[in-house]
Amino acid sequence: MPVINGRVRDFGLGDLTSHRLRLIFSPSNSAAMGPDGTLVLGPVVVENDDINPTTGGFQVELARTTLLRPATHFTLRAEWFSKTSDRLEGYAVIDWPLHVPAAGGALSTLLDIPGPLNATAYSAVDPGALVAVGGVWVNTGVTPARIRRRKA
């Protein structure tokens, strides 16, 4: 299975050294099937002991989503607990879709983090999701530059 490398800062969490952290990667469908007939049924959990306490780095093996049917992605839930008890002190649902390619990769580049609705990108290359639907891309790779509003 593909390996995803990440850090808790990739999805906005700061220093949680005074807590125990659990990361839960859940498929968007309760059951999805790969081309080899393998079912992806439930969440994959990364426990605190598997997260580097200094860097917040971790690795997780997730099913390749590019060939699953029905179309499936992962979402992430971070839960933090008291160091001295099993009491849940907080959680965050990171609802940005995570699509996993065969090669795996860095969580920071695979999370589909939407850009602000009013973002404007000046670039010769299509900025993709860095500019959300409704945002503007000024294509500087052509003369004169072309303005395109992102529709999808």
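Above this text is the structure in question.
Residues numbered from 1 in each chain as written. Predicted model: local features only at pLDDT ≥ 70, side-chain atom pairs only at ≥ 80, totals over all residues. Heavy atoms only, no water.

1. Some thoughts on the sheet that holds strand 11 (residues 136–139)
To be explicit about the condition: A pair of strands is considered paired only if DSSP assigns at least 2 bridges between the two. Each helix is a run of DSSP H or I of at least 4 residues and each strand a run of E of at least 2, with the numbering of both proceeding from the N terminus. Angles run from 0 to 180 degrees between N-to-C directions of axes, and those axes are lines fitted to C-alpha atoms, restricted for helices to the stretch in contact.
Pairing within the open sheet is mixed, and its three strands lie in the order 10-11-12. What marks the edges here is a single partner per strand, and that holds for strand 10 (120–123) and strand 12 (146–149). Here the average twist between neighbouring strands, direction ignored, is 20°.

2. Topic: the packing of aromatic side chains
Under the convention used in this document: Ring geometry is summarised as follows: Phe, Tyr and Trp rings, the Trp one being its six-membered ring, pair when their centres sit within 6.5 Å, and such pairs are stacked at plane angles under 30 degrees, edge-to-face over 60 and tilted between the two. Geometrically, a charge over a ring is one whose NZ (Lys) or CZ (Arg) sits within 6 Å of the ring centre while staying within 35 degrees of the ring normal.
Using the criterion set out here, one finds one aromatic pair in the structure. One residue, Arg 77, lies across the ring of Tyr 91, its end atom 4.1 Å from the ring centre.

3. Digging into the pairing of strand 1 (residues 3–7)
Note the following rule: In this scheme, a residue with accessible area under 20% of its type's maximum is buried, one over 50% is exposed, and one in between is partly exposed, where area comes from a 1.4 Å probe on protein chains only.
With burial as the criterion, only one face of strand 1 is covered, namely that bearing Ile 4 and Gly 6; the residues Val 3, Asn 5 and Arg 7 on the opposite face remain uncovered. Alignment of strand 1 against strand 6 (residues 57–61), held across five bridges, turns out to be antiparallel. Of the residues in strand 6, the one forming a bridge with Val 3 is Glu 61. In this sheet, strand 9 (residues 105–106) lies alongside strand 1 in parallel orientation, the contact comprising two bridges. Following the sheet pairing, Asn 5 is matched in strand 9 by Ala 106.

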